[in-house]
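Observations on the model geometry
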Amino acid sequence: MFINRTHELAILKQHSRSISSGSRINIALFGLRRIGKTELLLQFKNTTHDNNILIPYINLQKIIPDIEGFAKAYSKELIYETIRQKEQADYPYEMEDLLILASKLGDMETHHVRTLISILKQHEIATEELLELTFAFAQKLAEKHDKKIIFMLDEFQELLQVHSWFLQVMRSITEKQKDVNYWISGSVFSVFNEMLNYKNPFFGQFTRMTLENFDKESTYELIDSTLPFKPAQNHKDKIYKFTNGQPYYTVAVCRKISEQYALDSSINTPQVNFCIMNEIFADTGSINEHFEYILDVSLAKFKNKDRYKTILFLLSQDPATLAAIARHIKKPTGEISNYLKALLRTDLIFRKDSTYHIRNPLFAFWVNNKYLGLGTELTSGKAAEHLLANLEEKYQRVSTELGIAKEFEIKYKLEALYNIKLEKYLKDNIEFDLVGTDGNTAYIFEIKWRNKKTSYKDIDNLIQKINSSEFRTQKKQVIFISRSGYTKSALEFAGQHEVKLLNRHMEKVTIQDS
């Protein structure tokens, strides 16, 4: 169900128009699992009717995760999309079918598929040669048919499983292609971010977009379009409070409420509470199944799964430091550090300063109660209300001014903008949001991501912190970023103290903007 991604869709449409006019724009779309990345990409693909553009799409979780599987899927999508602009065609699941489609396009395409089939039949496949052939084909196709290509690679982080040098080969070929653009998406943020950071081949090559939860109005629209009856306002408020605007959770809860409504022809507050908790903990609940899947997939490659689950259980109760976790489990910190590093790469947890947290508070709530033995069907409405109250308390405790996804997005944008590596700073009880150095100059960033204009007092507090820190005598640039703008006195005060002001789009703000 496609609801309220109109802003993001409009951005993608504008980028496609620029591409059609000759620009080259690569996009990296990040969003946590089940946030709607695939729906957004496919909505763009299905509603873009521009004969100058080909839009092949691959979900990399649904193909064989090796170079042969990728090469097959890549060539199939390109040839199929080219044919589809001319005539109706069946998807070429087999290579023989692909050869038939290629012959309709001409000698170049036929030669490519024959070469591909020949390489794939070899006992030992020259994988790097195969990859170079694959990526080069896109530019040849674009030039022959006078097209621009937007190649969508969904769940891009899966390519790291293919080969360690995959990204280097891809970058070396694709950066020279003037007609081929790559729009990639990722949900395992730690891996996805690492692939695009300053140490890796794709640094600075992609425009970054983050897909976030729905706001309240959009969540209400989703609720109204999912339920077969007009819900009470307080029930919509409760669903939004529970789901925090996460579209998959919202739809799952609404479907459970719809089932209850079909049985009783009415819905009251205890029934809404009961439906929410059943959706999380019932064996047939969609959210429960989703969390089971996340846990299974994330821990699939680990040998000692029980140890990882024990760490997750500890973190589901409260965030903890490495030392605290090691103390609880009675194992050396070095051993526990290795477990935590592995969990960080699954995106189940994140580290903020020296403390480890479970990324999704609802998942933490599920882990905690599953370990305590809660499962199957809830039989008591009172139990459901008690659990919901506990969940609301957990949400309040873990809520932060700046979400983790947004925090990483801003960090990435600033690193690209200033071409420096940035990190959180905490020393001698003085904390800065981001700090980096370029030669002898320190760059100090303060971020206020709230629905309130930044005042001169906020900027003065930052200056006072700097004057008490190791940076007080250093050459420095101080940059303040505010989501909701600045008061006039803040603009004047910043000008007097040489503090650079940026808006939510990382654009410079001056006193003339007030």
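See the structure shown above.
It should be emphasised that the depicted structure is a prediction, and the values quoted were computed from it without experimental measurement.

**Some remarks on the sheet that holds strand β8 (residues 349-352)**
Read across the open sheet, the three strands follow the order β7-β9-β8; overall the sheet is antiparallel. On the outer flanks of this sheet lie β7 (320-321) and β8, each paired with one strand and no other. Alignment of β8 against strand β9 (residues 355-358), held across four bridges, turns out to be antiparallel. Among the inter-strand pairings, Lys-352 is bridged to a residue of β9, identified as Thr-355. Of the strands in this sheet, β8 and β9 are in contact with helix α16 (residues 333-344), which crosses β8 at around 110°.

**Remarks on the layout of surface pockets**
When its volume is computed, the second largest pocket comes out at roughly 1,300 Å³. If you go around the second largest pocket, you meet 46 residues; those closest to its centre are Arg-33, Gln-61, Glu-155, Ser-187 and Tyr-293. Only α2 (37-47), α11 (247-264) and α13 (286-299) provide two or more residues apiece to the lining of the second largest pocket. Broken down by element, the residue count for the lining of the second largest pocket peaks at seven residues, all from α11. Within the lining of the second largest pocket, the residues separate by chemical class into 18 nonpolar, 13 polar and 15 charged.

**Here we look at the environment of Leu-322**
Assignment of secondary structure puts Leu-322 in helix α15 (residues 322-329). The exposure class assigned to Leu-322 is partly exposed, which follows from its relative accessible area of 24%. Remark: the alpha-carbon pair of Leu-322 and Glu-96, spanning 226 residues in sequence, is separated by 55 Å. Discounting residues that sit within four places of it in the chain, Leu-322 has contacts with Thr-333, Ile-336, Ser-337, Leu-340, Ser-354 and Tyr-356.

**Structural notes on the nonpolar core**
The biggest cluster of nonpolar side chains holds 54 residues, and the ones touching the most others in it are Ile-280, Ile-325 and Ile-349. Once you skip the residues sitting within four places of it in the chain, Ile-349 turns out to touch Leu-312, Leu-315, Leu-340, Leu-343, Leu-344, Tyr-356, His-357, Ile-358 and Arg-359.

**Some points on the packing of aromatic side chains**
Within this structure, the stated rule accounts for 28 aromatic pairs. Summarising the aromatic geometry, the rings of Tyr-80 and Tyr-91 are spaced 5.1 Å apart at their centres and angled 75° between planes, so their arrangement reads as edge-to-face. Remark: Tyr-91 occurs in the loop between α3 (67-84) and α4 (95-105) and Tyr-80 occurs in helix α3; sequence separation between them is eleven residues. Given the relative accessible area of 14%, Tyr-80 is considered buried. Under the relative-accessibility criterion, Tyr-91 is labelled partly exposed at 22%. Centre to centre, the rings of Tyr-249 and Phe-291 are 6.0 Å apart; their planes meet at 75°, and the pair counts as edge-to-face. In this pair, Tyr-249 is assigned in helix α11 and Phe-291 in helix α13, connecting sequence segments 42 residues apart. Pair check on accessibility: Tyr-249 and Phe-291 agree, each one buried. The structure contains a cluster of three or more aromatic residues connected by ring pairs, namely Phe-70, Tyr-74, Phe-135, Phe-151, Phe-166 and Tyr-182.

**So, a negative patch on the surface**
On the surface, Asp-90, Glu-94, Glu-96 and Asp-97 cluster together into a negatively charged patch. When you line up the elements, Asp-97 lands in helix α4.

**Considering α15**
The set of residues buried in α15 consists of Ala-324, Ile-325, Ala-326 and Ile-329. Where the residues of α15 are buried, they touch α14 (305-317), β7, α16 and β9. One or two positions beyond α15, positive phi appears at Lys-330, with a value near 65°.

**Some points on the sheet that holds strand β13 (residues 475-482)**
Strand order in the open sheet formed by six strands is β10-β11-β12-β13-β14-β15, with mixed pairing between adjacent strands. Looking at strand neighbours, the two that pair on one side only are β10 (423-427) and β15 (508-509), the edges of this open sheet. Note that β10 and strand β11 (residues 430-438) share four bridges and pair antiparallel. What sits directly across from Glu-423, in β11, is Val-435. Here helix α20 (residues 456-467) sits on the sheet and contacts β11, β12 (441-448), β13 and β14 (499-502); the angle it forms with β13, its principal contact strand, is near 150°.

**Examining the packing of helix α9 (residues 216-226) against helix α10 (residues 233-243)**
Helix-helix packing is described using two parameters, namely the angle between the two axes and the distance between the axes. Taken N-terminus to C-terminus, the directions of α9 and α10 make an angle of 115°; their axes are 10 Å apart at the nearest point. As summarised for this structure, α9 and α10 are arranged roughly perpendicular, according to the angle between their axes. For the element pair α9 and α10, the recorded crossing hand is right-handed. Note on element contacts: α10 touches α9 through Gln-233, Lys-236, Asp-237, Ile-239, Tyr-240 and Thr-243, opposite Lys-216, Thr-219, Tyr-220, Ile-223 and Asp-224.

**As for the environment of Ile-64**
Structurally, the position occupied by Ile-64 is in the loop between β3 (57-59) and α3. Separated by 91 residues in sequence, Ile-64 and Glu-155 have C-alpha atoms that sit 13 Å apart.

**Comments concerning unusual backbone geometry**
For Asn-244, which is not a glycine, the phi torsion comes out positive at approximately 55°. By the element assignment, Asn-244 lies in the loop between α10 and α11. One non-glycine residue, Ser-265, adopts positive backbone phi at about 65°. On the secondary structure map, Ser-265 appears in the loop between α11 and α12 (269-281). Taking the relative accessible area as the measure of exposure, Ser-265 reaches 56% and is therefore exposed.

Here is what the cut-offs are and how they apply
Residues numbered from 1 in each chain as written. Predicted model: local features only at pLDDT ≥ 70, side-chain atom pairs only at ≥ 80, totals over all residues. Heavy atoms only, no water. Pairing = 2+ DSSP bridges. Helix = DSSP H or I, 4+ residues; strand = E, 2+ residues; numbered from the N terminus. Contact = heavy atoms within 4.5 Å. Axes fitted to C-alpha atoms, helices over the stretch in contact; angles between N-to-C directions. 1 Å grid on protein atoms, 1.4 Å probe; cavity = no way out; pocket = protein on both sides within 12 Å on 5 of 7 lines; lining within 4 Å. Points joined across faces, edges and corners; volume = space filled by probe spheres on them. Nonpolar A, V, L, I, M, F, W, Y, C, P; charged D, E, K, R; others polar. Buried < 20%, exposed > 50% of the residue type's maximum accessible area, 1.4 Å probe, protein only. Core = buried A, V, L, I, M, F, W, Y, C linked by side-chain atoms within 4.5 Å. Phe/Tyr/Trp six-rings, centres within 6.5 Å; stacked < 30°, edge-to-face > 60°. Patch = residues over 30% accessible without salt bridge, like charges linked within 9 Å, V, L, I, M, F, W, Y side chains within 5 Å. Areas by Shrake-Rupley, 256 points an atom, 1.4 Å probe, with all protein chains shown as cover. Salt bridge = Lys/Arg side-chain N within 4 Å of Asp/Glu carboxyl O. Lys, Arg positive; Asp, Glu negative; His and termini not counted. Charge placed at Lys NZ, Arg CZ, Asp CG, Glu CD. Parallel < 35°, antiparallel > 145°, perpendicular 65-115°, else oblique. Left-handed = near helix turned anticlockwise from the far one by under 90°.

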